[in-house]
Amino acid sequence: MNDQILTLKKERQELPAYKARNQIISHIQRLSTAIVIGETGSGKTTQVPQYLYEAGLHQNGVIAITQPRRVAAMSISQRVAAERQCNVGELVGYSVRFDDMTSGCTKIKYMTDGMLLREAILDPLLKRYSIVILDEAHERTIHTDILFGVVKAAQKKRNALNRKDVSLKIIIMSATMDVDHFSSYFSSCPVLYLEGRQFPVKLYYTSEHQSDYSFSALVTVFQIHREVPPDEDILVFLTGQEEIESIVKQIRDISKDLIGEAPPMCVYPLYAAQAPIAQLRVFTPAPKGTRKVIVATNVAETSLTIKGIKHVIDSGMVKAKLFNPSIGLDLLKVVRVSKAQAIQRTGRAGRESPGTCYRLYTEQEFESFQPNTLPEIQRCNLSGVVLQMLAMGISDVVNFDFMDKPTTQSIINALDQLNFLGAVEKKEKIQLTSIGKQMAAYPLDPRLAKVILVAKDFNCLDEILSIVSLLSVDSLVFNPQRQHEEALAARKKFESPEGDFMTYLNILRAYKAGNSNKKWCRENFVNSKNAQMALDVRKQLRTICIDQSFQINSSVRDSSAAVRKCLVAGFFMNAAELEKDGSYITLSTRKVCAIHPSSSLFNCKPSYVIYRELVQTTKCYMRDVCVVDPDWLYDAAPNYFKKK
């Protein structure tokens, strides 16, 4: 046995879950549903699936373990594969959107909750799985909440057959949750508590309100850096990709100026839209004498154990999707975290030894935070998830077995949106149209799926696949604060007078035409990882198109007009018109807004535009904007605009 295997074996046996191994197995063996509460560091996520596999409880079926985030599914599967002495994709694998590393011999499968939900469209009984573990259930993502009802229904139908070989076990796991609420929903199922291994974390609050939390975070990083040994790593919680990339660049620049005065630094960003390889770099130990600093969104709040973290800096902020169903307003906004989220962030500093957490807010502000995060299903646009539910044959969405029911208005609003997109119709019951069934095949927002379907008729599917792929991976370009003017100048040569979607297409075309080397990307401020990831996504979307017998064609003449008409077919509900005072007003909700400063149209004033999303910061901004003809809007959705 080599040293690495011995080390992994020793580490497994030192986890608190190991002491409870026999208890976990016997507990789950006799139950069809169980809740496992395992404190941070207990080893529940990596060990419980292995214990069930080792005891043969999977009965030759697959054990599915869902995670709210792709980075957790990928990194945990790699760890468990190492512990099982196999390659990822063999006994242990993972499945996330646009990336499947499983095979016929995979028995322990980590996956995002969205992927298991997609599988349920083709197989509502989830027949390939003998055990489904819903991990990090307290996060209450929109997909997890639907999965609660889907797996509960699948279990009921399979167990009714009264055959041991087809029964389904459900395990709900979390570090923290409202146990009574969860147990009540899952038929008063029993709860097993695992010890944690949380070391004490010393808390520091600010003495006054911080108006610029990102600057405060930067200052705090270097205060810690000058005072503590270099083997004590730092984790900073911020809100989004642009903010994180900007701070990462500033930390790197400042640390170079401190050579000789302070230890060197390795600085890594961590956010959901990163390429998988970039996400996994945060787990690489820093060289001896070098401090590792990770600047992350809330993806680092749970599941992930990044070794060496001794200090956490918590901005107290998170970017959240908010939806107002009464007026149909969909908004991305930076808001305060809940107390539960703040506690999770603090816990990251005490996974391996005592640590410190610097909260960039006052203790009084903390006391005013909401106790728990509002479930996503009660604050998000439901059109995508309702489309998936209908594809699974769940036609009575209003009376679905939700743990916490969304408002009826939210569900009606989602059905209205799908109806305007041509995806649903009402006969004896609400059902998918042929267009809706095709849309459900794509792991995309329904609006983007509709854009792809329309593109085949406009002979520009080639261009639309590129644009949709780019919109699936987040920002193609980056704009560092210290090189703002250079970045704008570099982007000028790609800018299209028709707006951002066409600009992104121009950049990707240049990247594909042999300019994919790192030097070109640096000079043009193009995120090469995201560009490459967009091409990978494009391949998979292309495969779905071919499965639906679509011709992948390109519009030779006036491709811009054809492409923009296709975009209107999906985003007509996100249209705005120019007012006399130079502001814009959305056609659907009559909300005053402006073109985002990062847009290629920022200094232009086209009469009509469509946008990808609204972002609320100092004011309400439209992000990813495209010039359109008002006649195209009416042609795309006459019923919608008659109603408006």
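Reference entry: report on the structure contained in this document. (Residues numbered from 1 in each chain as written. Predicted model: local features only at pLDDT ≥ 70, side-chain atom pairs only at ≥ 80, totals over all residues. Heavy atoms only, no water.)

### With respect to the sheet that holds strand β1 (residues 33-38)
So, point 1. Read across the open sheet, the eight strands follow the order β4-β3-β5-β2-β6-β7-β1-β8; overall the sheet is mixed. Both edges of this open sheet fall to β4 (99-101) and β8 (191-194), since each of them pairs with a single strand only. Strand-to-strand, the axes of this sheet are offset by a mean angle of 20°, without reference to chain direction.
So, point 2. Pairing of strand β2 (residues 62-67) with strand β5 (residues 108-112), which is carried by five bridges, proceeds in the parallel orientation. What sits directly across from Ala 64, in β5, is Lys 109.
So, point 3. Set on the sheet, helix α6 (residues 113-122) makes contact with β2, β3 (92-96), β5 and β6 (129-134); between it and β5 the angle comes to about 100°. (Pairing = 2+ DSSP bridges. Helix = DSSP H or I, 4+ residues; strand = E, 2+ residues; numbered from the N terminus. Axes fitted to C-alpha atoms, helices over the stretch in contact; angles between N-to-C directions. Contact = heavy atoms within 4.5 Å.)

### Thoughts on the packing of aromatic side chains
So, point 1. In total, this model carries 16 aromatic pairs according to the counting rule given.
So, point 2. Taken together, a centroid distance of 5.8 Å and an interplanar angle of 65° make the contact between Phe 366 and Phe 369 edge-to-face.
So, point 3. Taking relative accessible area as the criterion, Phe 366 reaches 9% and is therefore assigned buried.
So, point 4. In this structure an aromatic cluster arises from ring pairing among Phe 148, Phe 182, Tyr 185 and Phe 186.
So, point 5. Above the ring of Tyr 185, the side-chain terminus of Lys 152 is found at 3.8 Å from the ring centroid.
So, point 6. A cation over an aromatic ring shows up here: Lys 339 above the ring of Phe 366, its NZ or CZ 5.8 Å from the ring centre. (Phe/Tyr/Trp six-rings, centres within 6.5 Å; stacked < 30°, edge-to-face > 60°. Buried < 20%, exposed > 50% of the residue type's maximum accessible area, 1.4 Å probe, protein only. Lys NZ or Arg CZ within 6 Å of the ring centre and 35° of its normal.)

### What to know about the pattern of salt bridges
So, point 1. Taken as a whole and judged by the stated rule, the model has 32 salt bridges.
So, point 2. Across the pair Arg 140 and Asp 404 runs a salt bridge, and its minimum N-O distance is 2.6 Å. Of this pair, Arg 140 sits in the loop between β6 and α7 (142-159) while Asp 404 sits in the loop between α14 (383-391) and α15 (408-420); the two residues are 264 residues apart in sequence, bridging distant segments of the chain.
So, point 3. Taking relative accessible area as the criterion, Asp 404 reaches 19% and is therefore assigned buried.
So, point 4. Residues Arg 226 and Glu 261 are paired through a salt bridge, measuring 3.8 Å at the closest nitrogen-oxygen approach. One end of the pair, Arg 226, is in helix α9 (residues 213-227); the other, Glu 261, is in the loop between α10 (241-257) and β11 (265-270), with 35 residues separating them in the sequence.
So, point 5. Looking at Glu 261, the relative accessible area reads 56%, which means it is exposed. (Salt bridge = Lys/Arg side-chain N within 4 Å of Asp/Glu carboxyl O.)

Honestly, it's all geometry; don't read function into it.
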